[in-house]
Amino acid sequence: MKKTITVKGVTLGEGAPKICVPMVGKNLEQLKEEAVFLRTVDLDIVEWRVDFFEQVEDLEKVKEALAAIRKILKDIPLIFTFRSAKEGGEKEVNENYYFQLNKEIAKSGLVDIVDVELLTDEHEVKSLIEIAHRNDVYAIVSNHDFDKTPAKEEIIARLRKAQELGADLPKIAVMPRNAVDVLTLLEATNTMFEQYADRPIITMSMAGKGIVSRLAGEIFGSALTFGAAKKASAPGQVPVTELRNILSLINRSL
């Protein structure tokens, strides 16, 4: 039986995929404005994409901003994500700081989930997950390919690897070049869900071609989808209001 994950009353792994909206403010004032706005949006989870934050390399400034965000968002589940440039993010930092940042935030008591990239130091990934779990924080282990869609077997292998490392939520996002690539991602998701996953997984095919993957997660096995409130953090994110309506329609039809 697959585990579900419940964070502040939001359960991943049952029913319709939950909606996550990214925060992409560059400074503290923008982030506070964004957080206030997001309280009015029909979402389930917020992700702070800290790689957009201009002072991300100052750990104390990150903690200060996070405390301000948490104060506003209060009971809304919060994911902390530094997305590296090589995986489509806004900035690159050295790996030592990447793990130091994530470990300190996992200990802070201010976030519910941290995102760690799969294709980094395996020992450090495991160490970060252990620290997160000791502090009652869940871990997404993610992989993003902005150039292509790997073969079905490779997508499954990466998701299984994330699961083996201890991810509570294995995640992969890939770029389709054609409709067949989208089908590859969906088939890989379904196979992972049916045959290997013992916990919720997150998958998506990006850009316009991949939009069906952001909508049909409940059918194929993806537990979380990302929507845009103002500015999208990745290509193909659907506006939240439309996303909720479509997810609900699909859920009622099953």
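Definitions and limits used
- Residues numbered from 1 in each chain as written.
- Predicted model: local features only at pLDDT ≥ 70, side-chain atom pairs only at ≥ 80, totals over all residues.
- Heavy atoms only, no water.
- Helix = DSSP H or I, 4+ residues; strand = E, 2+ residues; numbered from the N terminus.
- Rg over C-alpha atoms; globule rule 2.2 N^0.38 Å.
- Buried < 20%, exposed > 50% of the residue type's maximum accessible area, 1.4 Å probe, protein only.
- Contact = heavy atoms within 4.5 Å.
- Areas by Shrake-Rupley, 256 points an atom, 1.4 Å probe, with all protein chains shown as cover.
- Lys, Arg positive; Asp, Glu negative; His and termini not counted.
- Charge placed at Lys NZ, Arg CZ, Asp CG, Glu CD.
- Phe/Tyr/Trp six-rings, centres within 6.5 Å; stacked < 30°, edge-to-face > 60°.
- Pairing = 2+ DSSP bridges.
- Axes fitted to C-alpha atoms, helices over the stretch in contact; angles between N-to-C directions.
- Salt bridge = Lys/Arg side-chain N within 4 Å of Asp/Glu carboxyl O.
- Expected span 1.5 Å × (residues − 1).
- Core = buried A, V, L, I, M, F, W, Y, C linked by side-chain atoms within 4.5 Å.
- Parallel < 35°, antiparallel > 145°, perpendicular 65-115°, else oblique.
- Left-handed = near helix turned anticlockwise from the far one by under 90°.

Some points on the overall build of the protein chain
Per the secondary structure count, the protein chain includes nine helices and eleven strands. Against the 2.2 N^0.38 benchmark of 18 Å for 254 residues, the protein chain shows a C-alpha radius of gyration of 17 Å, consistent with a compact globule. Dimensions of the protein chain, computed from the C-alpha atoms along their principal axes, are close to 45 × 40 × 35 Å. Within the protein chain, buried positions represent 57% of all 254 residues. Taking contacts inside the protein chain between residues at least 6 apart in sequence as the whole, the part at least 24 apart equals 73%. Carbon and sulfur atoms form 48% of the exposed surface of the protein chain, whose accessible area is close to 11,000 Å². Counting 34 positive and 39 negative side-chain charges, the protein chain places the averaged centre of each group 2 Å from the other.

What to know about the packing of aromatic side chains
A full pass over the atoms with the stated rule returns four aromatic pairs. Centre to centre, the rings of Phe82 and Tyr98 are 6.1 Å apart; their planes meet at 75 degrees, and the pair counts as edge-to-face. Pair noted here: Phe82 is in the loop between β5 (78-81) and α3 (95-107) and Tyr98 is in helix α3, with a separation of 16 residues, a long-range link. Residues Phe82 and Tyr98 agree in their burial class; the two are buried. Ring pairs connect the aromatic residues Trp48, Phe53 and Phe80, which therefore count as one cluster.

Concerning the environment of Val141
Among the structural elements, Val141 can be located in strand β7 (residues 138-145). A residue is classified by how much of its surface remains accessible, and Val141, at 0% relative accessible area, is buried. Each C-alpha atom of the pair Val141 and Ile129 lies 9.0 Å from the other, and the pair is twelve residues apart in sequence. Not counting residues within four places of it along the chain, the set of residues in contact with Val141 comprises Val116, Leu118, Val125, Ile129, Ala162, Ala167, Leu169, Pro170 and Lys171.

Considerations on the sheet that holds strand β8 (residues 169-174)
On the basis of which strands lie adjacent, the open sheet formed by nine strands has the order β9-β8-β7-β6-β5-β4-β3-β10-β11 and parallel pairing. Either end of the sheet is taken by a strand with one partner, and the two such strands are β9 (202-205) and β11 (238-239). The strands touched by helix α5 (residues 152-165) are β7, β8 and β9; relative to β8, the strand with the most contacts, the crossing angle is about 150 degrees.

Section: the pattern of salt bridges
Using the criterion set out here, one finds 22 salt bridges in the structure. For Lys103, the salt bridge is made with Glu124, and the minimal N-O distance between the two is 2.6 Å. Residue Lys103 is located in helix α3, and its partner Glu124 is located in helix α4 (residues 122-134); the two are separated by 21 residues in the primary sequence. Between Glu122 and Lys126 there is a salt bridge, and its shortest N-O distance comes to 3.8 Å. Residue Glu122 and its partner Lys126 are located together in helix α4, separated by four residues, close to a single helical turn. With relative accessibility at 36%, the residue Glu122 sits in the partly exposed group. Note on Lys126: relative accessible area 38%, which makes it partly exposed. Each of Glu60, Lys63, Glu104 and Lys107 takes part in salt bridges that share partners, so that together they form one network.

What to know about unusual backbone geometry
Unlike most non-glycine residues, Lys8 shows phi in positive territory, near 45 degrees. Tracing the sequence through the fold places Lys8 in the loop between β1 (5-7) and β2 (10-12). The backbone of Asp136 shows a phi angle near 60 degrees, a positive value even though the residue is not glycine. Within the secondary structure, Asp136 sits in the loop between α4 and β7.

Examining α5
Taking 1.5 Å of rise per residue, 14 residues should cover 20 Å, and α5 covers 20 Å from first to last C-alpha, within 8% of that figure. Residues of α5 that are buried: Ile155, Ile156, Arg158, Leu159, Ala162, Gln163 and Leu165.

Focus on the nonpolar core
Counting residues in each nonpolar core, the largest one holds 52 residues, and the members touching the most others are Met23, Trp48, Val50, Val62, Phe80 and Leu101. With seven residues, helix α2 (residues 59-73) is the largest single contributor of residues to this core. Here Val50 is in contact with Val56, Val62, Phe80, Thr81, Phe82 and Leu101, once residues within four sequence places are set aside. Of all hydrophobic cores here, the second largest spans 18 residues; its members include Ile5, Leu12, Ile45 and Leu224.

Quick word on the packing of helix α1 (residues 28-38) against α2
It is the contact of α1 with α2, at a shortest axis distance of 9 Å, that shows an interaxial angle of 20 degrees. Judged by the angle between their axes, α1 and α2 are roughly parallel. α2 is crossed by α1, and the crossing has right-handed handedness. Counting all contacts with α1, which are made through Leu28, Leu31, Lys32, Ala35 and Val36, the residues of α2 involved are Glu64, Ala65, Ala68, Ile69, Ile72 and Leu73.

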